[in-house]
Structures are given as C-alpha cells and as structure tokens.
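Each chain is listed here by its residues.
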Amino acid sequence: AQSVSQHNHHVILSEAASLELGCNYSYGGTVNLFWYVQYPGQHLQLLLKYFSGDPLVKGIKGFEAEFIKSKFSFNLRKPSVQWSDTAEYFCAFHSGGGADGLTFGKGTHLIIQP
Amino acid sequence: GAGVSQTPSNKVTEKGKYVELRCDPISGHTALYWYRQSLGQGPEFLIYFQGTGAADDSGLPNDRFFAVRPEGSVSTLKIQRTERGDSAVYLCASSLGPGAGSQYFGPGTRLLVL
C-alpha cells in the first residue's frame, strides 16, 4: 500500500536554526512529490513540488527539498528558520500519472521559539 | 483570484442525520478532490472527479458516503446516517487536470457528529 512516513511529529527550534524534516514514501513507480504547509488558522498551502528534472527543488519562503530516488526520500530543508515558520508541514505524493489523490504523511508540527 | 471555497465552514449534527458539504473549485479547474482529515493525521483521500465523473472513488470508507459533481464545477459530498467517527475536517482541492499541476486546497468543513 502507498504510504508516507514523516519521521518527527513535533519539532521545536530556535530562530536562525537550520531545519530538516524527513519524509519517506512507499511506492514502486514514478512519483510526484509535494510539501504542503498549514499555518495556524489557515488552510493547506503548497510549499514546493517535484515532478521531474533537477532533484533539488526550491519553494517559497526559502524552503528547499531534495528527492533521493534510491532512498525514497524527499526531505525538506531551510538554512535559517524564522518565528513565522511555525506551522504544520505535510509531505505528500501521487503516482507519476497524477490521475489520483495525494497520499499524505501524518504531518510535522514545527514550533519556532523567538 | 478566488481560491477553492467550501461551505459550511462548520457543521454540527446528530448521529444518524444526513449532511451535505459543498465545494466550489477554482474556475477552470477540471479535477476536484475530496479528502478527510482527522485530528493528528494528514489528509486522507476520498474521491476524485475529472469533469462530471468520479474517476476514482476508492477512498470512500463505505456506502454512506457519496459525492456528485453534476455540472463539472461545484461538488457536494453527502454523508448518510452519520456516525460519531465521521467527525473530521473535510477538505476539497482542485487542479487544472490530472497530472497537470498542483492541487489547491480549500479551508475545509469541520464536521462534528454528536
């Protein structure tokens, strides 16, 4: 069965710290990968996506993620976090054809302390 | 431009009642998705429409759940004989088409079954 594993459910960092959130997916074929973010009181927003090409993708607000096919991973990174990055982060994928729903991880709740 | 809208934002009902949740996708988006998000979990895929037809309803948990999209735009998720376990946030998303880009999410309907 398709699944996404997000390694940390809760992460607490201080401002200016570096961030890496782990994501591993379980699927044998071609995938499109996504990170979504949900800020407090807001709806899910797309942070970045990987469809093909350069495995290092850059998204909004200084976030980036690297697709490592051999490890079935798509970890999210940011070199220096800000208090405004406090949010819930979800990793997701669908099969390469795209004609199906997304499979999401359980999410990582990130808290940035000022 | 207008994003995905969902109504109502909150719905409280009693066990055994029937409810309808509405989704209005982004104009021009032919693909529409319904997800359910329980507390502490990531969104879980329910059903996907391409145009008026349900292309994939494999995520619907049982036959109490049904969704329609009669004119290829607005969609309604219908839940019969609601149970307490149906309490969750129901999310709608739309995209330009299958494999044609990212899914954009609405704010969700928070359903509480007493």
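Located above this text is the structure these notes cover.
Below is a summary of the structure that appears in this document. (Residues numbered from 1 in each chain as written. Chains lettered and ligands numbered in written order. Predicted model: local features only at pLDDT ≥ 70, side-chain atom pairs only at ≥ 80, totals over all residues. Heavy atoms only, no water.)

### Concerning the pattern of salt bridges
Here comes step 1: Tallied over the entire structure, the rule returns 8 salt bridges over all chains.
Here comes step 2: In this structure, A:Glu66 and A:Arg77 form a salt bridge, with 3.3 Å as the shortest nitrogen-oxygen distance. Placement of A:Glu66 in strand E8 (residues 64–68) and of A:Arg77 in strand E9 (residues 73–78) is noted, with a sequence separation of 11 residues between them.
Here comes step 3: A:Glu66 sits in the partly exposed class, given a relative accessible area of 27%.
Here comes step 4: Overall, the relative accessible area of 22% leaves A:Arg77 in the partly exposed class.
Here comes step 5: Between B:Arg64 and B:Asp86 there is a salt bridge; the shortest N-O distance is 2.8 Å. Note that B:Arg64 is positioned in the loop between strand E6 (53–56) and strand E7 (65–68) and B:Asp86 in the loop between strand E8 (75–79) and strand E9 (88–95), a separation of 22 residues in sequence. (Salt bridge = Lys/Arg side-chain N within 4 Å of Asp/Glu carboxyl O. Helix = DSSP H or I, 4+ residues; strand = E, 2+ residues; numbered from the N terminus. Buried < 20%, exposed > 50% of the residue type's maximum accessible area, 1.4 Å probe, protein only.)

### Regarding the interface of chain A and chain B
Here comes step 1: Listed per partner, the contact involves 19 residues of chain A and 19 residues of chain B.
Here comes step 2: Interface area for chain A against chain B, summed over the two sides, is near 1,400 Å², with a carbon-plus-sulfur share of 57%.
Here comes step 3: Linking chain A with chain B are 3 residue pairs in polar contact (both at pLDDT 80 or more), by the criterion used here.
Here comes step 4: Listing elements by their share of the side of chain A that touches chain B, those giving two or more residues are strand E5 (31–38), strand E6 (45–50) and strand E10 (87–95) of chain A.
Here comes step 5: In terms of residue class, the side of chain A that touches chain B is made up of 9 nonpolar, 7 polar and 3 charged. (Contact = heavy atoms within 4.5 Å. Buried area = accessible area lost by both parts, 1.4 Å probe. Polar contact = N/O pair within 3.5 Å; in protein donor to acceptor, adjacent residues only side chain to side chain. Nonpolar A, V, L, I, M, F, W, Y, C, P; charged D, E, K, R; others polar.)

### Points about the pairing of strand E2 (residues 10–14) of chain A
Residue and element names in this part refer to chain A.
Here comes step 1: Here E2 shows a clear split, with Val11 and Leu13 buried on one side and none of His10, Ile12 and Ser14 buried on the other.
Here comes step 2: Of the pairings in the sheet, the one linking E2 to strand E12 (residues 108–113) comprises 5 bridges and is parallel in character. The partner of Leu13 across the bridge, within E12, is Ile112. (Pairing = 2+ DSSP bridges.)

### Remarks on the environment of A:Ser14
All names here are of chain A.
Here comes step 1: Inspection of the secondary structure assignment puts Ser14 in strand E2.
Here comes step 2: Taking C-alpha positions, Ser14 is 22 Å from Gly41, a pair spaced 27 residues apart along the chain.
Here comes step 3: Those residues in contact with Ser14 that lie beyond four places of it in its chain are Val81, Ile112 and Gln113.

### Quick word on unusual backbone geometry
Here comes step 1: For the peptide bond that leads from B:Thr7 to B:Pro8, omega is -10°, which places it in the cis range.
Here comes step 2: Topologically, B:Pro8 is positioned in the loop between strand E1 (5–7) and strand E2 (10–13).
Here comes step 3: Despite not being glycine, A:Lys61 has its phi angle at roughly 60°, a positive value.
Here comes step 4: Its location among the elements puts A:Lys61 in the loop between strand E7 (56–58) and E8.
Here comes step 5: In the Ramachandran plot, A:Phe72 falls in the positive-phi region, its phi being about 50° despite a non-glycine side chain.
Here comes step 6: Checked against the element boundaries, A:Phe72 lands in the loop between E8 and E9.

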